[in-house]
Amino acid sequence: MTIECPIYYEEESAQHWIDAFARQCPHLDVKDWQQIERPEDAHYGIVWRPSAEFFARFPNLKAVLNLGAGVDGILRHPQLPDSVEVIRLENAGMGAQMNEYFAYHVMHYHRHMDRYNTQQDNAQWQVFPGIPAKDFRVGILGLGELGSSVATCLQGLGYTLCGWSRSAKNLDGVKCYAGAEQLDQFLGQVDALCCLLPLTDSTRDILNKDNMSKLPKGAVIINAARGEHLVEEDLVELLNNGHLRGAVVDTLRTEPLPANNPLWKQPGLIITPHCAAQSWLQPSVEQIGNNIDAMLAGQRPSGVVERNRGY
Ligand code: NAP
């Protein structure tokens, strides 16, 4: 028996996902949400930024499987029924991409590439003294699927690592801090602050003037989590007054960032278009297929979101 599963993909046609499900999970009949013949029989929805009509069309959903790791958008959806489980992607190829994104940018600052880029603009030839990687301290906000992957990767490159999470962690070679009461201590020893937190009521605006001022002078920020973690005007102030040496942002409060937004021209700021890690077809489809199979067998799937804590 095949199981009909509606798929909703906001940005473009879902055809590449439908084809991948047909190849990898032929027992699941994944179809565009508008082509499901008996909507009342659909229990598992596969979604990326679903519309209100999606939830109205499928009154008997048991779970929605998100085609991404972050669930802040779907949890804020006014039509998401309380009874529906939200299941997110865990890693699904994103850990490796985040490793690359953070390694690239951490090295950019550690190896003075920001300074050499400025020098080149002014036709200057001057060498800055090298710093051993172990003397460049990297701190990761969020030690979940992606943060712990990045911490392990950067530690392998020789950097000194610390991390901060909600519950206490034990990660080899990473000095771990937990909870609001240890945040200041963590921030005080970080040269490159990397944000991989989920967006929740407790983490919104966490990269604010107060917290960023607790970083040592000359620190840098790399945010690939969500735009709402960062108070953009506070970042601009701390870049302009020299407390921060530089920043990289992959996510912004308004996406796409409008062409006339002054952030595009902000000295010291590198902007990338929410591309740090994408949901790759093969591992995502495999994970979603396994999770639907688990639910069909009456088992608990992996990646169930705890709605009251927001991630
Ligand atoms: P995850 O596995 O759920 O990990 C979240 C981590 O944040 C956990 O270590 C958690 O602590 C910690 N945390 C949550 N709330 C906290 C709080 N109030 N105080 C301190 N620590 C807190 O999430 P993930 O899969 O690593 O993904 C992280 C985020 O990356 C996603 O939510 C998404 O927004 C973003 N993302 C961005 C891109 C991109 O392309 N830019 C791509 C994928 C994901 P515990 O371990 O104690 O629970």
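Here the structure is shown first, and the text comes after it.
Residues numbered from 1 in each chain as written. Predicted model: local features only at pLDDT ≥ 70, side-chain atom pairs only at ≥ 80, totals over all residues. Heavy atoms only, no water.

J.: Please clarify how the packing of aromatic side chains should be interpreted in this entry.
T.: One pair of aromatic rings is described through two measures. These are the centre distance and the angle between the planes. In the structure shown here, the tally under the stated rule is ten aromatic pairs. When the centroid spacing of 5.5 Å and the interplanar angle of 85° are considered together, the rings of F54 and F55 count as edge-to-face. In this structure, F54 and F55 share a single accessibility class: buried. An angle of 65° between the planes, with centres 6.1 Å apart, marks the rings of F136 and Y159 as edge-to-face. (Phe/Tyr/Trp six-rings, centres within 6.5 Å; stacked < 30°, edge-to-face > 60°. Buried < 20%, exposed > 50% of the residue type's maximum accessible area, 1.4 Å probe, protein only.)

J.: Any chance you could explain the side chain of N99 here in plain terms?
T.: By secondary structure assignment, the location of N99 is in helix α4 (residues 94-110). Setting aside chain neighbours within four positions, we find N99 in contact with S149, V150 and C153. (Helix = DSSP H or I, 4+ residues; strand = E, 2+ residues; numbered from the N terminus. Contact = heavy atoms within 4.5 Å.)

J.: Help me understand the site of the ligand in this model?
T.: Around the ligand lies a shell of 29 residues, among which R88, L146, S167, K169 and Y311 are the nearest. Between the ligand and the protein, one listed contact pairs an oxygen atom with a backbone N or O atom of L143 at 2.9 Å. S167 places a polar side-chain atom, nitrogen or oxygen, 2.5 Å from an oxygen atom of the ligand. Looking at the shell around the ligand, its residues break down into 14 nonpolar, nine polar and six charged. Looking at which domains feed residues into the shell around the ligand, each of domain 1 (3-92 + 279-296) and domain 2 (94-271) gives three or more. (Near = heavy atom within 4 Å. Polar contact = N/O pair within 3.5 Å; in protein donor to acceptor, adjacent residues only side chain to side chain. Nonpolar A, V, L, I, M, F, W, Y, C, P; charged D, E, K, R; others polar. Domains from an automatic or database assignment.)

J.: Is there a simple way to think about the sheet that holds strand β3 (residues 44-48) in this case?
T.: Adjacent strands of a sheet pair through backbone hydrogen bonds, lying either parallel or antiparallel. Pairing in this open sheet of five strands is parallel, and the strands run β2-β1-β3-β4-β5 from one edge to the other. Single-partner strands in this sheet number two, and they are β2 (28-32) and β5 (85-87). Recorded for the sheet is a direction-independent mean angle of 25° between the axes of neighbouring strands. Here strand β1 (residues 3-9) pairs with β2 via five bridges, running parallel. In the sheet register, C5 faces β2, and the bridge partner there is V30. Against the sheet, helix α1 (residues 15-24) makes contact with β1, β2 and β3, and its axis sits at roughly 150° relative to β1, the strand it touches most. (Pairing = 2+ DSSP bridges. Axes fitted to C-alpha atoms, helices over the stretch in contact; angles between N-to-C directions.)

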